[in-house]
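This is what each chain is made of:
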Amino acid sequence: MNKIKKYYIVIPIITAILSLIVLVFASFNTTIVNKSYSLFTEDLNSNNISTVIMDNSSKMTVLLNNGDRYSTDNPQTNTLKESLLLTGIEVKDQTIPPLAKTIPIVILALSMLSLTAMLVTKSKSGGSSITYMDMHDFSKDKNSALDFDAVAGNEEAKESLMDIVDFLKNPEKYQKYGARMPKGVILYGSPGTGKTLLAKAVAGEAGVPFYALSGSDFVQVYVGVGAARVRNLFKKAKSDGKAVIFIDEIDAIGKARGNGKNGSSNDEKDQTLNALLTEMSGFGQEEGIVVIAATNRLDMLDDALLRPGRFDRHIEVSLPDVNAREKILSLHLKNKPHENLNIKDIAKKTVYFSGAKLESLINESAILAAKDNSDSITSNHIECAYSITLAGYEKKERSYLKEEDKLLTAYHEAGHGLVGMLLLPQDKVSKITIIPTTKGAGGYTLTIPEDTNYHRIDYLKNKIKVSLAGRAAEEIIFGKDKISTGAHGDISQSTDIALKMVTEYGMGETLGLIKLSSVGSLYSSYGNPVIEECKNLVNELYDETIELLNENRAFLEKIALELLEKETLYEDELNKLAI
Ligand code: ADP
Ligand code: ZN
């Protein structure tokens, strides 16, 4: 409906422009020469005048017998009119402007009025248009009606949601048994794992309307608007009888309150959350409305949301395992031409990829294939797209690179590659390159991590060493005073791992088996010794990395020089160098 309204606004604009054009033409036509009053009296005396048109203004128009016309000063005396009439000259009173002008003026005025009226209502409805704008009734749009076939993998989540679909389809069946179906379901898991997709599929499978709203929409808006939006949403959904209401990023409104740092109370959030809870307790079982919320983190949510009768079913939507990845890849390849692709292999290489990332990998490959005018997507396109998804586009223009910078990058990346091969053979080094990326990296080393759910302490320590190996190689080859900012990302990675080891995984001395974020307000008193311990841990690992690189310096140089020459080295080339 909004779209049609948008078009309506064009009508007064067009009429205004048209009437302006007419007005301009009309005034062009009526621009006539001005003559002095004495010339007028001359014409009068020589009987040249046929008509005089007078209005209330200080000018009058004179029409001559020969058809010419001019204007002259109107003395505005009654005697003039009389004397003119006496000489047999027609006198026209024209207190109203000619029709040619009035009509466009009226139209112009009307257009301006309706235009302002439209703009005012539009800005007024700003509040209400926000409350409505995010609602998409997907069920009415056949193309976006999805079913569970559109979601690959996630079998447990689908099964759990199948109950909800059944309930939406046959509520009587459950009522007969006195079963209480959940009013609210929370889907939780990493971004891009298909939570939105699942929610849409529930609506699609059950054949009910789908309404979506995102929690983050409430964060910036004025107080009260969020709550109003929630109420509107429920009103709209109820008017449909059955519906699925989807609230993405529920944590934006439902973050736990009064918990240390993030307990800063925010009226808007509270009001919105309360409105949501009120609405949810306001409808009964029979109504057939299910609220599905999505979040990346279940543990961040306010308890009030998780109580029975509210969002009491929690379904994890996890990152796909290798089989699920294969299914997701196949699904997204289905309508795209492809040839000789080993989908199993791609699935193996895409450890920790979410569904969204897999989709983007396939999409990127399709774009590359189209650019190449290739008949189909080949494994080469996938390979290229894989590097792009992980590291960004290669910079095409590289002539500006200085030789010494390339040398530095070559040793830095060779350091990562070498230590990776030596310490973490299970995480295969699949590619090392010194071609800079548009994401800002000077080069990068890609590894395919092992598909596993947990990591041992020695793995984590080795991972830190691999991260630090770039900097360590720079130091060994160029000296401490020549180290670069290239290790910026590596340092952030190793810091993260070290911090987690000490504060979350119970692998440190300072806290032992205590998790730092759970100690609440005592947190600050533990901060410093924790940092001290992390620093010592990382320093120690760094020294060991330097030692390891020194022991294998010949190999390091071999990789670096090969990189300088070829710019990119793949797994098999690296293995050959190792022999
Ligand atoms: P989330 O809501 O969990 O952040 P989305 O549902 O928005 O993730 O997923 C984004 C996109 O990723 C989807 O539109 C789809 O193309 C793709 N995708 C994610 N998970 C899957 C899956 N399990 N099967 C198929 N496609 C998926
Ligand atoms: Zn690095």
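Residues numbered from 1 in each chain as written. Chains lettered and ligands numbered in written order. Predicted model: local features only at pLDDT ≥ 70, side-chain atom pairs only at ≥ 80, totals over all residues. Heavy atoms only, no water.

As recorded in an unreviewed UniProt entry, the chain goes by the name ATP-dependent zinc metalloprotease FtsH, listed as coming from Clostridium gelidum. What UniProt records for the chain under Function (unreviewed entry) is the sentence "Acts as a processive, ATP-dependent zinc metallopeptidase for both cytoplasmic and membrane proteins. Plays a role in the quality control of integral membrane proteins." Listed in UniProt under the heading Subunit (unreviewed entry), the comment for the chain reads: "Homohexamer." (UniProt positions renumbered as here; feature names shortened; annotations may be inferred.)

Draft legend 1. Here's a closer look at the nonpolar core. Among the nonpolar cores identified, the biggest contains 41 residues, and I464, L549, L556, I559 and L563 are the most heavily contacted of them. Every element with two or more residues in this core is listed here: α19 (403-423), β10 (428-433), α20 (457-478), α21 (488-503), α22 (523-551), α23 (553-566) and α24 (571-578). Leaving out residues up to four positions away in the same chain, I464 has contacts with S494, I497, A498, M501 and L541. Among the nonpolar cores identified, the runner-up in size contains 28 residues, and L168, L198, F246 and I292 belong to it. (Core = buried A, V, L, I, M, F, W, Y, C linked by side-chain atoms within 4.5 Å. Buried < 20%, exposed > 50% of the residue type's maximum accessible area, 1.4 Å probe, protein only. Helix = DSSP H or I, 4+ residues; strand = E, 2+ residues; numbered from the N terminus. Contact = heavy atoms within 4.5 Å.)

Draft legend 2. Up close: the UniProt feature "binding site: ATP" (unreviewed entry) in the chain. In the numbering used here, UniProt assigns the "binding site: ATP" (unreviewed entry) feature to G189, S190, P191, G192, T193, G194, K195 and T196. Among the secondary structure elements, G194 is positioned in the loop between β5 (184-188) and α9 (195-206). Looking at G194, the relative accessible area reads 16%, which means it is buried. By the element assignment, K195 lies in helix α9. Classification of K195 by relative accessible area gives buried; the value is 7%. Leaving out residues up to four positions away in the same chain, K195 has contacts with L187, Y188, G189, S190, F246, A294, T295, N296 and V317. There is a polar contact of 2.9 Å between the side chain of K195 and the backbone oxygen of G189. (Polar contact = N/O pair within 3.5 Å; in protein donor to acceptor, adjacent residues only side chain to side chain.)

Draft legend 3. Representation of the coordination of the zinc ion (ligand 2). Looking at the zinc ion (ligand 2), one finds its protein donor set to be H412 (NE2), H416 (NE2), D490 (OD) and D490 (OD), positioned 2.0 to 2.8 Å from the metal centre. What the four donor atoms of the zinc ion (ligand 2) show is an angle range of 52 to 149° at the metal, which sorts the shape as irregular. Spacing between the donor residues of the zinc ion (ligand 2) along the chain follows H-x3-H-x73-D. Here H412 is found in helix α19, whereas its partner D490 is found in helix α21, with 78 residues between them in sequence. Note on accessibility: H412 and D490 belong to one class, buried. (Donors = N, O, S within 2.8 Å, 3.2 Å for Na, K, Ca; no water. Tetrahedral: all angles 85-135°; square planar, octahedral: opposite > 155°, others 65-115°.)

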